[in-house]
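This is what each chain is made of:
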Amino acid sequence: MLRAAHTRTLLDVLSLPTAPFVEGRVHAYIEDFCRKLRRVTAAHDRAGNILMRYRGDSRRIRRPVCLSAHTDHPGFVAERMIAPGRLRATWRGGVRPVYFRGARVRFLVGNEWVRGRVRSVRTGGRGATRRVETADVDVRRPVPAGAIGMWDLPDARIRNGRVYARGCDDLAGVAAMLCCLETLSRRKARTEAYFLFTRAEEVGFVGAMAACRQRTVPERCLVVTVETSSQLRDARMGDGPILRVGDKATTYFSAATSYCQAIADAVGKRDRTFAYQRKLMDGGTCESTVYCQFGYEATGLCLALGNYHNMNLRTGRIGAEYVDLADFANLVKWFVALTTTRDPYTGTHTALRTRLRKIEREHATLLRKTRNAVVPAADRS
Ligand SMILES: [Zn+2]
């Protein structure tokens, strides 16, 4: 159900090394991928975010869609060798300190991984906010400053309809956007759409905030953030990609959310394999909150994620993140529908209003006629 080329893209992207502020490998892949696509042009803002623009003809869409995903994943950056065989590395991202104990890690030196094991960590904050700041790692070879470090997990692989990787958050979102770009370009779709790839989300939406300040995304866009989000009891993987009405901090722009839902309903009508969910994913906060705070009309879609931030709650140890392949395939379909629909976004609840008006008209007479049955005689006028 997922095109072979899209499976390849997904596996490629999920195997790329990345961490907050060192997203260069992912960005190089995105640039390279899009250079081969017709009708796609790249722009960069001063924060290093990439904005890809697809333009299929000269027709300008009044309110085009801009999809957005972040290119980092919680990880390490090498600081310096503090003794022979001992590296100090900075940690960036949200993983609970207990998971670092004796964990195996790997650092990218040139094009090779150098493996190591966490010996000790330094933390800051207290209680629930206690966070790892640096880790001392036993390594087999010297690791130069600036090298990317990740958990020592294998490259992405598919097993039982799921894809397991060092990081799905948010590389699966990145891959889905690339699959959408490829589809638009291959079909010569007559549309206009934007694709923003942001940096340093895991330390607090730093890339997205810079993009907002610089107005990297045209203000007329409907911004749809794509994330992977820890699966919840009632938001399970395999039940379809999720229309995210909000997160831990805010609820998103209501008309934008409804619009994505109407598009999904239309896809579902013509494609029996399509499924989606609509949920409040309040496990964490996502970039949509930032876009809304900066005045964009934004909402979010996400994939239910297993082993969020590599924390396997069952074993208490580091594990591969995973998402469902059918969910991913349906997310790509949703993106393509959003970016090619003939029913452009208007910023209002047009369909909902029409439906409400219809109900009102249908029952107006009955409502008036039965009024005497419920209003006491003394109050009638
Ligand atoms: Zn994350």
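Worth saying up front: this structure is predicted, and the values here are computed from it rather than measured. (Residues numbered from 1 in each chain as written. Predicted model: local features only at pLDDT ≥ 70, side-chain atom pairs only at ≥ 80, totals over all residues. Heavy atoms only, no water.)

Novice: Break down the overall build of the protein chain for me, with residues and values.
Specialist: Secondary structure assignment for the protein chain yields 9 helices and 19 strands. Relative to a compact globule of 381 residues, whose C-alpha radius of gyration would be 21 Å, the protein chain shows 23 Å and is just as compact. Over its C-alpha atoms, taken along the principal directions, the protein chain stretches across nearly 90 × 55 × 40 Å. Accessible surface, the protein chain as shown: approximately 18,100 Å² in total, 49% of it carbon and sulfur. If the 65 positive side-chain charges of the protein chain are averaged to one point and the 37 negative ones to another, these points end up 2 Å apart. (Helix = DSSP H or I, 4+ residues; strand = E, 2+ residues; numbered from the N terminus. Rg over C-alpha atoms; globule rule 2.2 N^0.38 Å. Areas by Shrake-Rupley, 256 points an atom, 1.4 Å probe, with all protein chains shown as cover. Lys, Arg positive; Asp, Glu negative; His and termini not counted. Charge placed at Lys NZ, Arg CZ, Asp CG, Glu CD.)

Novice: How would you explain the domain arrangement of the protein chain if you had to name every residue and give the values?
Specialist: What the domain assignment reports for the protein chain is domain 1 (4-73 + 155-340) and domain 2 (75-151). Computed from C-alpha atoms alone, the centre-to-centre distance between domain 1 and domain 2 is 28 Å. In this assembly, domain 1 packs against domain 2 so that about 1,700 Å² is buried in total across both faces, 64% of it on carbon and sulfur atoms. For the domain 1 face of the interface with domain 2, the top three residues by lost area are Arg166, Met311 and Ile318, together amounting to 32%. Here domain 1 is connected to domain 2 by 5 residue pairs in polar contact (both at pLDDT 80 or more). Per-class residue counts for the side of domain 1 that touches domain 2 are 10 nonpolar, 6 polar and 5 charged. (Domains from an automatic or database assignment. Buried area = accessible area lost by both parts, 1.4 Å probe. Polar contact = N/O pair within 3.5 Å; in protein donor to acceptor, adjacent residues only side chain to side chain. Nonpolar A, V, L, I, M, F, W, Y, C, P; charged D, E, K, R; others polar.)

Novice: Outline the coordination of the zinc ion, listing residues and values.
Specialist: Every protein donor of the zinc ion is accounted for by Asp169 (OD), Glu202 (OE), Glu202 (OE) and His309 (NE2), and the metal-donor separations fall at 1.9 to 2.7 Å. Given 4 donor atoms and angles of 53 to 141° at the metal, the environment of the zinc ion is assigned as irregular. Each donor residue of the zinc ion belongs to the same chain, and together they define the spacing D-x32-E-x106-H. Placement of the pair is Glu202 in the loop between strand E12 (192-198) and helix H4 (206-213) and His309 in the loop between strand E16 (297-305) and strand E17 (311-312), with a sequence separation of 107 residues. (Donors = N, O, S within 2.8 Å, 3.2 Å for Na, K, Ca; no water. Tetrahedral: all angles 85-135°; square planar, octahedral: opposite > 155°, others 65-115°.)

Novice: Pulling in residues and values, what's your account of unusual backbone geometry?
Specialist: At the junction of Asp169 and Asp170, the peptide bond is cis and its omega measures out at 0° in the coordinates. With respect to the helices and strands, Asp170 occurs in the loop between strand E11 (162-165) and helix H3 (171-186). Notably, Arg39 is not glycine yet its phi reads approximately 70°, a positive angle. By secondary structure assignment, the location of Arg39 is in the loop between helix H2 (24-35) and strand E1 (40-44).

Novice: Summarise the packing of aromatic side chains; cite the residues concerned and give the values.
Specialist: Under the criterion given, the structure shown has 14 aromatic pairs. Arranged with centres 6.2 Å apart and planes meeting at 25°, the rings of Tyr29 and Phe33 form a pair that is stacked. Linking Tyr29 with Phe33, this pair stays in helix H2, spanning 4 residues, or about one helical turn. On the numbers, 4.7 Å between centres and 65° between planes, the contact of Phe76 with Trp91 is edge-to-face. With Phe76 in strand E4 (residues 75-83) and Trp91 in strand E5 (residues 86-92), the pair connects residues that are 15 residues apart, well separated along the chain. (Phe/Tyr/Trp six-rings, centres within 6.5 Å; stacked < 30°, edge-to-face > 60°.)

Novice: Give me the lowdown on the sheet that holds strand E10 (residues 157-159), citing residues and values where you can.
Specialist: Taken in spatial order, the 3 strands line up as E10-E11-E19 in an open sheet, and their pairing is antiparallel. Two strands lie at the open edges of the sheet, namely E10 and strand E19 (321-324), each paired on one side alone. Adjacent strand axes in the sheet meet at a mean angle of 30°, parallel and antiparallel pairs treated alike. Looking at chain direction, E11 and E19 are connected through 4 bridges and run antiparallel. Considered in E19, the bridge of Val163 is made with Val323. Taken strand by strand, helix H7 (residues 325-340) contacts E10, E11 and E19, and its axis lies near 65° from that of E19. (Pairing = 2+ DSSP bridges. Axes fitted to C-alpha atoms, helices over the stretch in contact; angles between N-to-C directions. Contact = heavy atoms within 4.5 Å.)

Novice: Please give an account of the side chain of Ser185 that cites residues and values.
Specialist: Mapped onto the secondary structure, Ser185 falls in helix H3. Overall, the relative accessible area of 8% leaves Ser185 in the buried class. In this structure, Ser185 is in contact with Leu37, Arg38, Arg39 and Tyr54, ignoring residues within four places of it in sequence. (Buried < 20%, exposed > 50% of the residue type's maximum accessible area, 1.4 Å probe, protein only.)

Novice: Which residues make up the layout of surface pockets, and what are the values?
Specialist: A water-sized probe, rolled over the atoms, reveals where empty space remains. Volume-wise, the largest pocket comes out at about 840 Å³. Lining the largest pocket are 30 residues, and of these Gly94, Arg131, Gly283, Tyr308 and His309 lie nearest its centre. No other element matches strand E13 (residues 222-230), which puts 4 residues into the lining of the largest pocket. Looking at the lining of the largest pocket residue by residue, the classes come out as 9 nonpolar, 12 polar and 9 charged. Looking at the lining of the largest pocket, you find at least three residues from each of domain 1 (4-73 + 155-340) and domain 2 (75-151). For the second largest pocket, the calculated volume is near 570 Å³. Forming the walls of the second largest pocket are 23 residues, and the residues nearest its centre are Ser258, Tyr259, Ala262, Ile263 and Ala351. Sorting the residues of the lining of the second largest pocket by element identifies helix H5 (254-270), H7 and helix H8 (350-369) as the ones contributing at least two each. Top element by residues in the lining of the second largest pocket is H5. It accounts for 10 residues. The class makeup of the residues in the lining of the second largest pocket is 11 nonpolar, 8 polar and 4 charged. (1 Å grid on protein atoms, 1.4 Å probe; cavity = no way out; pocket = protein on both sides within 12 Å on 5 of 7 lines; lining within 4 Å. Points joined across faces, edges and corners; volume = space filled by probe spheres on them.)

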